Amino acid sequence: MSNTVEVFELMPGAQLLCLKTDKFKTGCMYASFLRDMDADEAPANALLMPVIMRGTEKHPDISSLSLSMDGLYGADFGVYLRKKAETQVFGIASDFVDDRFSGGEEILPGCVDLMRELLLEPAGGMREEYFTSEKQNLADAIRASMNDKHSWTVQRAVEIMCPGEPYSVSRLGTPEKLESVTIGSLRQHRRELLSSGRMLFFYGGSRPPAEVYGMLGDSLGGISREKEQEPLSPIVRKGAAEKKEIREHMEVTQAKLCMGWRFRPDYEIPYAAGVVFSALFGGTSTSKLFLNVREKLSLCYSIDSSLDRRKGIMLVSAGVDAGDLDRCTDQITEQLAMCARGEISQEEMENARAYLKGVLRASGDSLGGLQEYYTTRALFSLPLTPPEDLIGQILDVSAEDVAAVAAQAELDTVYSICGQDEEEEGSALQ
Amino acid sequence: MKEKYYPSLGETVRSDVLDNGLTVFTVPREGFSKVFAFYAVNYGGMDVRWKKGGRECSSPEGTAHFLEHKMFDMEEGSADLMLAANGAQANAFTSGDMTAYLFECTDRFEENLDILLNFVNTPFFTPQSVEKEMGIISQEIGMCEDDPYWRAGHSLVESMFGAHALKNRTVGTKESISHITDRVLTDCHSTFYVPSNMILCVVGDVDHDAVTEAALRHTPRQRAEKAERWTGDAGVPFAMKETVSKMEISRPVFSIGFRADLPPGEPFLECGILGDTASAAVLGPSSELYGEMYADGIINGSFDFSFEMHEGAAYFEARGESDRPRETAERILEGMDRIKKNGIDPSIFSVIKKADMGGRIKELGSFEMTAWNICDLAFRGEDYLEFSSVYKDLTAEGAAGLLLDSVREENMVLSVVEPV
């Protein structure tokens, strides 16, 4: 079943994507803001939605807000915050029982109305007590992000690899930058976002798109938008710098490794060959890295790779015994070199293609997956073709195409963390 | 083949009971690429004592879970890897009263179903492989013990149900699993993995008859006798009213439980929904009490609650992180005083019922939860998808009655894990 997406200009600089589908028992609606990743602004963006979600003029606290969602057959409204290349995507996500299953009661209008309340009528224009407590929660969350050593290592590696580039700014921002956000500056920021920030709405469900467009248009008519919106900045592309190798110490029982490669700025990584390469090299449990470095050589506990085609960066991260860090790094480099030399088996190609085919087919089976897929495509101005339409391109990719992508990767950064004692033990072995 | 349509949910369920007693359900999902298969055994961590052929039998704590781990071993290799090579994502779990093997795929469903049915019905244990698994499961037990929520929850159940099978740890203890041998596993497989004690449920765009035929090919022809579950007694006095243990954590984690003494034979579905809506009325985010406790900083976003119901045992549980867990318990009891005085507002209760029903309708979007719920209730002789008809008979008085009977000081146990 192929679904098509209709696109509407809801307001200047605010698109609405509507996916009409009868496949699911639920519908969903997202209101997103799209902003350039910026170290000064990131914590304000991360803080805004949690404060808004504490209450509206009509439902001024958690209990009354929650009761209004209960009344909409348990509709869920929550905050979401993502980083896509160099764009911070954040807003309110809701999902609710589709009108076909609510015993004749219409739910969507109530959800649209609640979305409007949250966006336009925060309690007391954003109460200071809500601001204070959510600022504390965010500060706690930023500190807690250090507890996940794996993602923390990746974040540190990116900071070392891309200093000064928006790509290195973390999703939540830093505690220092958060400190300077005040209730006054956050209120002002909210006003600016509503009047001139780029916005993207998404609806998925059984309602005809024109109806949804009408409902949202009427509901959000109160927003006065500036005619001209500032476009998002183009993604910064840079070639590999001189190789940086940095090792830091932390209280960890297992060392963590993150390696980063860049692709030349004038090389545009082709979609299909890029994703097949990424899956085949380190993206799956049948990849070269997983089967060779982890399974065959037992050099690590976990390993995976990710490729950001638009930014032209590939990262490999692994959990390793400190004594094996250097051998693991060498093996990862060697596996990439094998890809580049075209030493790729038929089975590896088939596994990667089958995996991607499964992923693309299954993404059409989840409304959340479809939202993510179409929002990303809209953000990067790609045609809104259904995911299953990309399968053909994937199946056409040859081992030579994969090798051609691999050959363009240039190692830029090798970053690792390990406990003090382990490293001494590791170097004693050398 | 029987076919039942549930108009308010837009769901259809096709079913068959084979001559050997195996129940087969398929739940069509037209237009979906993925197919989900769920093969469940009415046997879990609770089942350490049972009766069969008039004989009383027992096995070490943790056997059902150990067996689940070992079932993936086949003479020709690991079923897990065979399914992965076919593009299927396989998994399994053991709960207190169920063991289930499952996979999801978008391609080669029939082949994958054959693998699933084959490995679950074919024990292949050796003393060496059992010995090796002991180490892996010991690690898992260690991981559970390192999880403060698991620890708080387990102490709670242990204190509340000292003489009921619910107190048994599904993963077992390092000591208990040391008594598990290939012989124990073989015996338990032949006792519990009999068709009349199992259900196969497939959610997706599949041919029901083909699923039934596959089940026929892989299961024994003969109907075997079912074991009789021993649950013990849920009504004995509490072992402890409060337990405290210490761990490397930044904030205390608590679990507060209230034992509910339900008359035997209460229908699970109806009683479960009453328990869920009643607990939401007193502890849910839309309740007065939740709003007050959140505003006062006694609870935070980690606060959660549930109504748990098993054979012969039921309880309310509230859990989360808090610097003041004892105050949380006191506030819940104070909230109950208000319900005693004023009851539950019927208009709010009707909104909570709506939200609960909406939650269950939304959950039908998950293939796994749909199969799990259908099998769980079918093992108890009930039909999960009848849930939407339960709500009309639920009243605010009924919910308040259940709460007032159960959520009382004398039924309460508090379990806290504190930072070192």
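Treat the numbers as computed from the prediction; the structure is a model and nothing was measured.

### Observations concerning the overall build of chain B
Then, number 1: Tallying secondary structure elements over chain B gives 14 helices and 17 strands in all.
Then, number 2: A compact globule built from 420 residues should have a C-alpha radius of gyration of about 22 Å, and chain B, at 22 Å, falls within 12% of that.
Then, number 3: Based on the C-alpha atoms only, the size of chain B along its principal axes is roughly 60 × 50 × 45 Å.
Then, number 4: In chain B, the proportion of contacts linking residues at least 24 apart, taken out of those at least 6 apart, comes to 80%.
Then, number 5: Surface summary for chain B: the accessible area is close to 17700 Å², and the carbon and sulfur share equals 49%.
Then, number 6: Where the 40 positive side-chain charges of chain B centre and where its 69 negative ones centre are 3 Å apart.

### Describing the domain arrangement of chain A
Residues and elements named next belong to chain A.
Then, number 1: With domains assigned, chain A is organised as domain 1 (5-219) and domain 2 (244-429).
Then, number 2: Its C-alpha centre places domain 1 at a distance of 30 Å from the equivalent point of domain 2.
Then, number 3: Facing 38 residues of domain 1, the contacting portion of domain 2 comprises 36 residues.
Then, number 4: For the pairing of domain 1 and domain 2, the buried interface totals around 3100 Å² over both sides, and the portion due to carbon and sulfur atoms is 71%.
Then, number 5: Here domain 1 is connected to domain 2 by seven salt bridges.
Then, number 6: Taking the shortest distance from any N to any O, the salt bridge between R262 and E165 comes out at 2.8 Å.
Then, number 7: For the interface between domain 1 and domain 2, the tally reads twelve residue pairs in polar contact (both at pLDDT 80 or more).
Then, number 8: Counting residues per element, the ones that place at least two in the side of domain 1 that touches domain 2 are strand 1 (5-11), strand 2 (14-20), strand 3 (26-36), strand 4 (76-84), strand 5 (87-97), helix 5 (149-161) and strand 6 (198-205).
Then, number 9: Counting residues per element, the side of domain 1 that touches domain 2 draws most heavily on helix 5, which supplies ten residues.

### Some points on the pattern of salt bridges
It is possible for side chains of opposite charge to pair when their charged atoms get near one another.
All names here are of chain A.
Then, number 1: Per the counting criterion, the structure on display carries 64 salt bridges over all chains.
Then, number 2: R207 is the salt-bridge partner of E106, the closest N and O atoms lying 2.5 Å from each other. Placement of the pair is E106 in the loop between strand 5 and helix 3 (108-120) and R207 in the loop between strand 6 and helix 8 (209-219), with a sequence separation of 101 residues.
Then, number 3: The exposure class assigned to R207 is buried, which follows from its relative accessible area of 10%.
Then, number 4: Among the ionic pairs, E211 bridges to R207, the shortest N-O distance being 2.6 Å.

The rules we used
Residues numbered from 1 in each chain as written. Chains lettered and ligands numbered in written order. Predicted model: local features only at pLDDT ≥ 70, side-chain atom pairs only at ≥ 80, totals over all residues. Heavy atoms only, no water. Helix = DSSP H or I, 4+ residues; strand = E, 2+ residues; numbered from the N terminus. Rg over C-alpha atoms; globule rule 2.2 N^0.38 Å. Contact = heavy atoms within 4.5 Å. Areas by Shrake-Rupley, 256 points an atom, 1.4 Å probe, with all protein chains shown as cover. Lys, Arg positive; Asp, Glu negative; His and termini not counted. Charge placed at Lys NZ, Arg CZ, Asp CG, Glu CD. Domains from an automatic or database assignment. Buried area = accessible area lost by both parts, 1.4 Å probe. Salt bridge = Lys/Arg side-chain N within 4 Å of Asp/Glu carboxyl O. Polar contact = N/O pair within 3.5 Å; in protein donor to acceptor, adjacent residues only side chain to side chain. Buried < 20%, exposed > 50% of the residue type's maximum accessible area, 1.4 Å probe, protein only.

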